[in-house]
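Next come the chains, spelled out residue by residue.
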Amino acid sequence: MLVESGVGPACPGFPGDVRAENVSAAVLAWARDLRLVAGAFEEKRLVAMRLGEFAGLTVPGASDCDLELTAQWAAFICLVDDRFDRSRVDVHPEEVASLFNRLLDVITGGGTAESGCGTEQALDDLWRRTAPRMSTPWRERFVADYRDFALATREEAADRADRVRLGLSDHALRRRRTITALPMADILECTAGAPWPGLLGGEDLMRALRLAAADVAGWTNDLVSAEDDLREDRDNLVTVLSRERGCSLSSAREQVTTMRNDRVRDFHALADSLTAKAAPGTERDGVRRYVTALGSFVAATLHWLGVTHRFDARWSFGRPVLGD
């Protein structure tokens, strides 16, 4: 049963769970050691994200190592994204391009993180612990997904600088690319032990399932962050819909909630179609593992976006530090 609060389907949270707390502590220590966070302010913001809880809900059957790896990837993705979005100072497109060029060099072998900033060192560490476990097609898919995220983020920064306002359809398409759900879905193939299944004739359904998951994550994120984005004069699915349809923000929020709920139903319908399409035996087992992993990610994201303190006003101050 979907609810209008943005939390989505009922999902067992465990805010006091020792395992989640241990993972969050490990993530903080890791981020501190690699200089992904700088100072007490960013450390407190990372703790407030509750990524140990997110990882525990996303990959509940994972080993402690893979649980931590999932949470660390989420921390990296959130912190990089927040340095562009959770600031009252506009980020220049060339700054975005510079950072992502360095990050893409790390995962394509075009550069080294040895003398780089904390962001590059963190990605280098994550990549060294993830990529060798996965196939060449997986590595190519992750790089393509992250490259598209980088391109969309630069496009967004350029539009902000030029005061360009997208329409609802164009904004929704870009939001699918800037939410970073697809790179995170790639990571879950590793940490959930659910690689992309080789389903003959199922490629289109697989892609559609991933896009539905990205839309659910992006639209739920916009429901939760609407007030923060409004304070910062950033476009958000809620504000864009309000502007395009000439309705109140309250009405826009209700409409986006309905859109999100419909997209959750799309996800489940696609998941059922994929499972039904797979032949019994090993093929169906592989599809079910993948669908289950992505379903856990969707449910965990719906829950986590309702409980994270990532969008609290106190984390919106200051100039983003793109280099160190």
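Preceding block: the structure.
Cut-offs used in this document
- Residues numbered from 1 in each chain as written.
- Predicted model: local features only at pLDDT ≥ 70, side-chain atom pairs only at ≥ 80, totals over all residues.
- Heavy atoms only, no water.
- Helix = DSSP H or I, 4+ residues; strand = E, 2+ residues; numbered from the N terminus.
- Buried < 20%, exposed > 50% of the residue type's maximum accessible area, 1.4 Å probe, protein only.
- Areas by Shrake-Rupley, 256 points an atom, 1.4 Å probe, with all protein chains shown as cover.
- Phe/Tyr/Trp six-rings, centres within 6.5 Å; stacked < 30°, edge-to-face > 60°.
- Contact = heavy atoms within 4.5 Å.
- Salt bridge = Lys/Arg side-chain N within 4 Å of Asp/Glu carboxyl O.

Time to look at the overall build of the protein. The helix and strand inventory of the protein stands at 13 helices and zero strands. Reading the secondary structure of the protein in the N-to-C direction produces α-α-α-α-α-α-α-α-α-α-α-α-α. Counting only residues that meet the buried cut, the protein has 56% of its 324 residues in that class. Entry remark: accessible area of the protein is about 13,800 Å², with carbon and sulfur atoms responsible for 53%.

Time to look at the packing of aromatic side chains. Tallied over the full model, the rule gives 13 aromatic pairs. Between Phe 142 and Tyr 146 the ring centres are 6.1 Å apart and the planes differ by 5°, which places this aromatic pair in the stacked class. On the criterion of helical spacing, the pair formed by Phe 142 and Tyr 146 is a turn pair, its members being four residues apart in helix α7 (residues 136-161). In this structure an aromatic cluster arises from ring pairing among Trp 73, Phe 76, Phe 100, Trp 127, Trp 138, Phe 142, Tyr 146 and Phe 149.

Another point: unusual backbone geometry. Most of the time, phi is negative for any residue but glycine, and the peptide bond is trans. Phi is positive for Arg 50, close to 60°, though the residue is something other than glycine. A positive phi angle, close to 65°, is found at Thr 180, a residue other than glycine. Structurally, Thr 180 can be placed in the loop between α8 (168-178) and α9 (181-191).

What follows concerns the side chain of Glu 43. The residue Glu 43 is located in helix α2 (residues 39-48) in this model. Residues contacting Glu 43, with those up to four places away along its chain left out, are Leu 28, Arg 32 and Val 37.

With that settled, consider helix α3 (residues 51-58). Within α3, eight of the eight residues are buried, which leaves it mostly tucked inside the rest of the structure. Of all the residues in α3, the buried ones are Leu 51, Gly 52, Glu 53, Phe 54, Ala 55, Gly 56, Leu 57 and Thr 58.

The tally for this structure, following the rule as stated, stands at 28 salt bridges. A salt bridge links Glu 189 to Arg 141; its shortest N-O distance comes to 2.6 Å. Taken together, the residues span a long stretch of sequence, with Glu 189 in helix α9 and Arg 141 in helix α7 at a distance of 48 residues. Each member of the pair, Glu 189 as well as Arg 141, carries the same accessibility label: buried. A salt bridge links Arg 263 to Asp 215, with the shortest nitrogen-to-oxygen separation between them at 2.8 Å. Of this pair, Arg 263 sits in helix α12 (residues 249-277) while Asp 215 sits in helix α10 (residues 203-231), and the two are 48 residues apart along the sequence. For Asp 215, a relative accessible area of 2% translates into the label buried. Among the ionic contacts, a cluster of salt bridges with common partners joins Arg 141, Asp 145, Asp 186, Glu 189 and Arg 210.

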